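# Reading the structure
Take a look at the letters that make up each chain.
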Amino acid sequence: PFSKSQFLSSTDSVPPIRTTDSSVKKQYAVLVPLVDMSGEPALLYTKRSSNLTSHRGLVSFPGGGMEEGDSNLVETALREAWEEVGIAREKVDIWGEMQPVPTRIHNGDGLVTPVVAIVRQELEELILNRGEVKEVFTVRLSRLCDTQLHGYTQFRGGSGFEHGFSLPVYC
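Heads up: these notes are all about the structure in this document.

Quick notes on the rules
- Residues numbered from 1 in each chain as written.
- Predicted model: local features only at pLDDT ≥ 70, side-chain atom pairs only at ≥ 80, totals over all residues.
- Heavy atoms only, no water.
- Helix = DSSP H or I, 4+ residues; strand = E, 2+ residues; numbered from the N terminus.
- Buried < 20%, exposed > 50% of the residue type's maximum accessible area, 1.4 Å probe, protein only.
- Contact = heavy atoms within 4.5 Å.
- Areas by Shrake-Rupley, 256 points an atom, 1.4 Å probe, with all protein chains shown as cover.
- Pairing = 2+ DSSP bridges.
- Salt bridge = Lys/Arg side-chain N within 4 Å of Asp/Glu carboxyl O.
- 1 Å grid on protein atoms, 1.4 Å probe; cavity = no way out; pocket = protein on both sides within 12 Å on 5 of 7 lines; lining within 4 Å.
- Points joined across faces, edges and corners; volume = space filled by probe spheres on them.
- Nonpolar A, V, L, I, M, F, W, Y, C, P; charged D, E, K, R; others polar.

### Considering the overall build of the protein chain
In terms of helices and strands, the protein chain carries three helices and 10 strands. For the protein chain, the α and β elements follow one another from N to C terminus as α-β-β-β-β-α-β-β-β-β-α-β-β. With 171 residues in all, the protein chain has 37% of them scored as buried. Of all intrachain contacts in the protein chain linking residues separated by at least 6 positions in sequence, the fraction that spans at least 24 positions is 61%. A total accessible area of about 10200 Å² is found for the protein chain, and carbon and sulfur atoms account for 51% of it.

So, in structure tokens, the structure goes:
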């Protein structure tokens with residue numbers, strides 16, 4: 001299966017995406033929820049509601065902006081996951097935070113921190129906030145690791161990222 005120690009050791013070697021702009025105005029966090037699908041690890045995704053003013057219809061992880069009551073970005077990710085899809089905090093085992101990545105919205109003035117966690121909650125128990133989320137779905141890690149189904153996209157520099165950065169794309 002998958003283990004917390006394997007995850008932590010593999011993320012230690014990931015180089016950070018460094019910004020040359022020290023004026024990051026907003027911090028965001030997303031929960032990267034790992035779930036068990038018949039004994040195989042999978043990621044839980046959301047498809048955003050078409051009624052939203054931003055991110056309409058996009059596939060994403062539950063998440064959003066840090067608010068005044070959030071003590072840290074893990075709290076932000078947990079709060080947003082509860083508000084959007086009803087993931088209960090007591091059913092979440094936080095594995096760690098990954099390196100933040102720049103936002104592609106709001107002129108790139110923020111950073112998004114992925115918070116990886118095991119979620120021990122049945123999908124049937126989730127309560128979707130239909131104002132924000134149209135549906136949830138899972139993709140098994142074995143599918144995401146299939147080299148025939150993925151590539152990379154390059155984002156150009158700008159908004160404080162002089163060299164740009166690459167992110168994976170999955171079919």
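### What about the pairing of strand β1 (residues 26–37)?
In the sheet, β1 pairs with strand β7 (residues 110–119) via nine bridges, with the strands oriented parallel. When the bridges of β7 are listed, Pro33 appears paired with Ala117. Sheet analysis places β1 next to strand β4 (residues 63–65), joined by three bridges and oriented antiparallel. Note on β4: the bridge partner recorded for Ala29 is Gly64.

### Some details on the pattern of salt bridges
Considering all chains together, one arrives at nine salt bridges under this definition. Among the ionic pairs, Arg79 bridges to Glu80, the shortest N-O distance being 3.0 Å. Salt bridges here are not isolated pairs; linked through shared partners, they connect Glu67, Asp70, Arg79, Glu80 and Glu83.

### A closer look at the environment of Ile118
Among the secondary structure elements, Ile118 is positioned in strand β7. For Ile118, a relative accessible area of 5% puts it in the buried group. When the C-alpha positions of Ile118 and Lys91 are compared, they lie 8.2 Å apart, and in sequence the two are 27 residues distant.

### Examining the layout of surface pockets
Quantified by volume, the second largest pocket comes out at close to 220 Å³. Lining the second largest pocket are 13 residues; nearest its centre among them are Val35, Asp36, Met37, Val119 and Arg120. Among the secondary structure elements, those contributing two or more residues to the lining of the second largest pocket are β1 and β7. When its residues are assigned to classes, the lining of the second largest pocket shows eight nonpolar, one polar and four charged.

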